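Below, each chain spelled out in residue letters.
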Amino acid sequence: MKSFKIALAQFSPHVGNIDANTQKMIEQANLAKKDNADLIIFPELSTLGYPADDLVLRPSLTKRTQQAFDQLAQVKDIVMVFGFVNQTEDGQRFNSAAVMKDGQVLGIYNKQTLPNYAVFDEKRYFNEGHQHLVFEYLGHKFGVLICEDVWSLNVVQQLAQLNVDTVVVLNSSPYEVGKPQHRIETMAALVKQLNINLVYCNQVGGHDDLVFDGTSFVLNKSGEVALQAASFQENLSIAEYDATNLAFSKTSITPTLDTMAEIYQSLVMATRDYVQRSGFPGVILGLSGGIDSALTLAIAVDAIGADKVQAVMMPYTYTAQISVEDAAEQAKTLGVTFGIAEINPIVNGFLQTLYPFFGDAPVDATEENLQARSRGTLLMALSNKFGNLVLSTGNKSEVAVGYCTLYGDMVGGFSVLKDVYKTIVFELAKYRNSIADKPVIPERVITRPPSAELRPDQVDQDSLPPYEVLDAILYSYIEEDMSQDDIIEKGFEEEVVKRVIRLVDVNEYKRRQGAIGPRISSRAFSRERRYPIVNGWKAGI
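Owing to the predicted nature of the structure, the values given are computational and were not obtained by experimental measurement. (Residues numbered from 1 in each chain as written. Predicted model: local features only at pLDDT ≥ 70, side-chain atom pairs only at ≥ 80, totals over all residues. Heavy atoms only, no water.)

## Observations concerning the UniProt feature "binding site: ATP" (unreviewed entry) in the chain
Phase 1 of the analysis: UniProt records the feature "binding site: ATP" (unreviewed entry) at Gly 286, Leu 287, Ser 288, Gly 289, Gly 290, Ile 291, Asp 292, Ser 293 and Thr 393, using the numbering of this structure. In three dimensions, the annotated residues from a span of 108 residues occupy one location, with a maximal C-alpha spread of 11.9 Å.
Phase 2 of the analysis: The residue Ile 291 is located in helix α6 (residues 291-304) in this model.
Phase 3 of the analysis: Using a relative accessible area of 4% as the deciding quantity, one classes Ile 291 as buried.
Phase 4 of the analysis: Within the fold, Asp 292 resides in helix α6.
Phase 5 of the analysis: Excluding anything up to four places from it in sequence, Asp 292 contacts Thr 393, Asn 395, Glu 398, Leu 417, Lys 422 and Val 425. (UniProt positions renumbered as here; feature names shortened; annotations may be inferred. Helix = DSSP H or I, 4+ residues; strand = E, 2+ residues; numbered from the N terminus. Buried < 20%, exposed > 50% of the residue type's maximum accessible area, 1.4 Å probe, protein only. Contact = heavy atoms within 4.5 Å.)

Structural data, given as structure tokens:
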């Protein structure tokens with residue numbers, strides 16, 4: 001057995017752009033060769049990108065995949081293990097990995113464990129594989145697995161029994177809070193149990209609502225971390241196997257991020273990739289002087305640069321002067337384009353036009369919604385005129401209970417905080433200020449009571465429970481799937497729980513019409529939480 005170097009190409013495939021992905025893989029392989037790497041591992045479905053949804057069903061995919069193989073075959077003197085869609089002559093389709101050296105395919109592995117839960121829908125697209133792949137190189141026996149396979153103990157045990165030394169795992173494992181550390185800890189226990197080394201290469205990047213953190217790693221049989229790549233950035237890492245010690249040498253280990261840093265970086269990366277890969281020249285958002293838009297602005301600037309961000313303050317009669325001041329101060333601090341557009345004439349015009357219909361009907365939420373919709377119309381007009389993407393600024397707590405206005409503050413193409421509870425919004429704002437030379441979010445924005453400012457002296461808690469209570473109930477109902485009765489038994493007031501759950505249930509129609517946003521939790525309002533809009537389910541047990 002000889003010593004060797006193995007490269008982990010933690011990169012961000014552009015879904016559907018097979019040519020660009022292939023060229024990136026060739027570049028990574030050539031860079032790895034300069035570091036004298038003997039093998040290079042790429043993420044799951046690295047040629048096509050993951051998840052590609054119904055692009056997998058396109059008739060020309062086989063031809064395009066073959067063209068990718070032809071280009072990759074030009075790479076010499078390094079073993080490449082990469083992901084692709086394998087469509088066989090008998091009509092089957094697999095999520096597969098190829099092992100290639102000097103243009104020759106040494107083996108193909110078909111993923112055996114197809115996840116079909118949460119955000120995953122692989123059984124819609126793929127057949128299950130049933131055979132393991134083991135290849136020998138430099139006197140070392142390698143086994144190949146793909147993502148979910150490594151979480152199936154039976155599959156890993158069968159592979160380990162084939163006397164492999166190292167298992168390489170191609171991954172497209174989506175991010176959620178705490179997931180990077182959970183993977184490492186779980187896999188460390190697994191390799192100790194089965195006495196194998198593990199090389200785990202995960203993709204990175206934002207793909208629509210999904211976020212991939214990377215955080216690739218290498219584990220020795222002892223469970224020791226020999227290499228850990230950075231989270232939320234592309235990275236080519238080299239791990240060295242010492243044949244004398246029969247273990248990977250401890251090399252570059254990037255510490256796991258703290259929770260708020262982890263969440264913040266995930267939102268920045270997701271926003272950057274969505275904006276840039278969608279081809280927008282920049283973004284625009286309504287800056288209200290409140291904490292949600294303030295945090296969204298900071299994320300946008302960190303994602304694509306201040307020169308590509310525009311903020312618009314749209315005051316009305318009920319807008320406090322300190323809101324205008326705080327918005328202007330933050331815009332100046334961050335260096336973004338900033339403007340003020342009074343909406344009084346627009347709202348008054350709506351009210352005059354509607355007076356023959358409204359008559360002397362009492363004022364209610366309708367007039368409040370007209371303010372929000374006036375702002376939404378302005379933002380969309382500016383977007384249409386100059387091509388910038390409108391960022392929605394609502395958070396998960398508001399979206400959950402419908403404390404937002406359709407075609408108003410919900411307008412936009414990307415909702416940065418869609419999966420971030422309000423209590424976490426406050427923590428993220430404090431975190432962002434803590435890493436800056438001076439606060440980028442005015443302290444008053446963080447400390448003053450949140451308000452939509454749609455009526456005199458309004459604060460959010462006129463309509464909602466305190467956010468600490470609201471978020472705890474929402475987490476129990478959404479993330480933990482607890483029943484109404486079980487949540488009440490946890491000590492929350494019965495009427496409050498009933499009201500919150502009812503608001504969640506009746507506002508499904510709003511959420512369906514909202515913009516997508518980055519998923520950071522186990523139960524985002526996207527792929528994995530699918531409830532009918534119209535239904536007769538009764539809350540309770």
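## Remarks on the sheet that holds strand β18 (residues 337-340)
Phase 1 of the analysis: Taken in spatial order, the 5 strands make up an open sheet running β18-β17-β16-β19-β20, and their pairing is parallel. Here the strands that pair on one side only, and so sit at the sheet edges, are β18 and β20 (414-415).
Phase 2 of the analysis: Each of β16 (283-286), β17 (309-313) and β19 (389-392) is contacted by α6, which is oriented at about 170° to β16, the strand it contacts most.
Phase 3 of the analysis: Packing against the sheet, helix α7 (residues 321-334) makes contact with β17 and β18, and its axis sits at approximately 160° to β18. (Pairing = 2+ DSSP bridges. Axes fitted to C-alpha atoms, helices over the stretch in contact; angles between N-to-C directions.)

## Section: the nonpolar core
A general trend in soluble globular proteins is that nonpolar side chains are found buried together.
Phase 1 of the analysis: Membership of the largest hydrophobic core comes to 51 residues, with the highest contact counts inside it found for Leu 297 and Val 336.
Phase 2 of the analysis: Elements with a minimum of two residues in this core: α5 (259-278), β16, α6, β17, α7, β19, α11 (422-434) and α12 (443-447).
Phase 3 of the analysis: Considering each element in turn, this core owes the most residues, 10 residues, to α6.
Phase 4 of the analysis: Looking at which domains feed residues into this core, each of domain 1 (4-244) and domain 2 (261-460) supplies at least three.
Phase 5 of the analysis: Beyond its immediate sequence surroundings of up to four residues, Val 336 is in contact with Leu 297, Val 301, Ala 306, Val 309, Ala 311 and Ala 331.
Phase 6 of the analysis: Of all hydrophobic cores here, the second largest spans 48 residues; its members include Val 156, Leu 194, Tyr 200 and Tyr 241. (Core = buried A, V, L, I, M, F, W, Y, C linked by side-chain atoms within 4.5 Å. Domains from an automatic or database assignment.)

## Here we look at the pairing of strand β3 (residues 79-87)
Phase 1 of the analysis: Within β3, 8 of the 9 residues are buried, which leaves it mostly tucked inside the rest of the structure.
Phase 2 of the analysis: Where strand β2 (residues 39-41) meets β3, 3 bridges bridge the pair, whose relative direction is parallel. Bridge pairing links Leu 39 to Val 79 in β3.
Phase 3 of the analysis: Where β3 folds back on strand β4 (residues 93-101), the antiparallel hairpin that results is connected by 5 residues, among which Gly 91 adopts a positive phi of roughly 90°.

## Considering the domain arrangement of the chain
Phase 1 of the analysis: Domains assigned within the chain are domain 1 (4-244) and domain 2 (261-460).
Phase 2 of the analysis: There are 0 salt bridges connecting domain 1 and domain 2.
Phase 3 of the analysis: Put simply, domain 1 and domain 2 have 5 residue pairs in polar contact (both at pLDDT 80 or more) between them.
Phase 4 of the analysis: Secondary structure elements with two or more residues in the side of domain 1 that touches domain 2: α4 (179-194), β10 (204-207) and β11 (210-213).
Phase 5 of the analysis: Element by element, the count of residues in the side of domain 1 that touches domain 2 is highest for β10, at 4 residues.
Phase 6 of the analysis: Class assignment for the residues of the side of domain 1 that touches domain 2 results in 8 nonpolar, 7 polar and 3 charged. (Salt bridge = Lys/Arg side-chain N within 4 Å of Asp/Glu carboxyl O. Polar contact = N/O pair within 3.5 Å; in protein donor to acceptor, adjacent residues only side chain to side chain. Nonpolar A, V, L, I, M, F, W, Y, C, P; charged D, E, K, R; others polar.)

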